[in-house]
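Examination of the molecular architecture
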Amino acid sequence: MRRSRSEPHAPWLAAITVGYLVWSLGPLILAIVYSFNAGSSITHWEGFSLRWWVGDPAAQESILYDQATRSALEHSLWLATLTTAIALPVGTAFAMGCRGWRSRLPRLGLWTMLAALAIPPVALGAAMWLLFAFPLRGIPFGDFGWFGTKAQLAGLVTVGLPLATLVVWVRLLLLDREQDEMAADLGAPPGGVVWRVLLPQLAPAIGAAAAVVFAGALGEFVIVQALVGTNETRALGPALLGARQGPEPRFSAIGAVLAITGGAAYVLLALTFRAAARGSRALTEPI
């Protein structure tokens, strides 16, 4: 679509966009490049090598053979996946339920839930540690049975659920209720209204919520570390920073893996937006 001549030209917008992309993606590209450095320096290039990716098993310095780093990475990815799988459907259902009720009570519950976003992760981690160490110390998993994956997942869902709810709720505010009423007048049951009217229009927001929750859970290691159990449930950040002194190309390799994971989530999100846009055009086209 061509820009109209009457539309004001704002070159500073393009400059800000390019500057932001260079500032945010430049260091990431540099880190990925240095993850293939043959030496142990993260600033001095010593040749191309896969040492930090699939190096000597005896050295245990690559992300493939360093058991502590690999275990922390796998655990972080697993927690992020579980958090998204729980927070996304629950947050979507909660937002839709609040929209359907006319009383003020659901709105109060919604804003109370969103207040959790203002709690610093350090405070939330300390509060949940106290919860699982004293009132729930032996309930229902035995002495300190919560700590580890179960407690970490509960903490991450506590943070991720308001995020998913907020993203879906904002999209719901932009939808016209007349579509729901028209579908109901035409004989659609409540379930049919949800599946055939609301959810297709919420698909981009649900995809965005999934990406936000997954990325947030993957990068959140304060709460995860506060509720850690055994070494197998250590967070990725402490595992990396506590393994050796000083940054190494191995850190860049971990960053590359996370960047690839985030890029895959972005591609999935873009495809979801495109499919939703095609569906919206199909609904508005005359028969």
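Scroll up to find the structure.
These lines cover the structure that appears in this document, whether it is placed above or below. Every value quoted in this text rests on a predicted model; they were computed, and no experiment measured them.

1. Some points on the packing of helix α5 (residues 121-133) against helix α6 (residues 149-173)
The N-to-C vectors of α5 and α6 enclose an angle of 135°; their axes lie 11 Å apart at closest approach. Here α6 runs oblique to α5, going by the angle between their axes. In the packing of α5 onto α6, the handedness of the crossing is right-handed. Touching L124, M128 and F132 of α5 are A151, A154, G155, T158 and V159, all from α6. For the contact of α5 with α6, the per-class residue count stands at six nonpolar, two polar and no charged.

2. Overview of the environment of T43
Locating T43 in the fold gives a position in the loop between α1 (11-34) and α2 (51-54). Considered as a pair, T43 and L30 are 13 residues apart in the sequence and their alpha carbons are 9.8 Å apart.

3. Side note on a nonpolar patch on the surface
A contiguous nonpolar patch, built from Y20, L21, L25, L28, I29, V33, W45, F48, L50, V54, L64 and Y65 and spanning about 1,100 Å² of accessible area, is present on the exposed surface. No other element matches the six residues that α1 contributes to the nonpolar patch. With respect to the element layout, Y20 can be found in helix α1. According to the relative accessible area criterion, Y20 is exposed, its value standing at 56%.

Parameters at a glance
- Residues numbered from 1 in each chain as written.
- Predicted model: local features only at pLDDT ≥ 70, side-chain atom pairs only at ≥ 80, totals over all residues.
- Heavy atoms only, no water.
- Axes fitted to C-alpha atoms, helices over the stretch in contact; angles between N-to-C directions.
- Helix = DSSP H or I, 4+ residues; strand = E, 2+ residues; numbered from the N terminus.
- Parallel < 35°, antiparallel > 145°, perpendicular 65-115°, else oblique.
- Left-handed = near helix turned anticlockwise from the far one by under 90°.
- Contact = heavy atoms within 4.5 Å.
- Nonpolar A, V, L, I, M, F, W, Y, C, P; charged D, E, K, R; others polar.
- Patch = residues over 30% accessible without salt bridge, like charges linked within 9 Å, V, L, I, M, F, W, Y side chains within 5 Å.
- Areas by Shrake-Rupley, 256 points an atom, 1.4 Å probe, with all protein chains shown as cover.
- Salt bridge = Lys/Arg side-chain N within 4 Å of Asp/Glu carboxyl O.
- Buried < 20%, exposed > 50% of the residue type's maximum accessible area, 1.4 Å probe, protein only.

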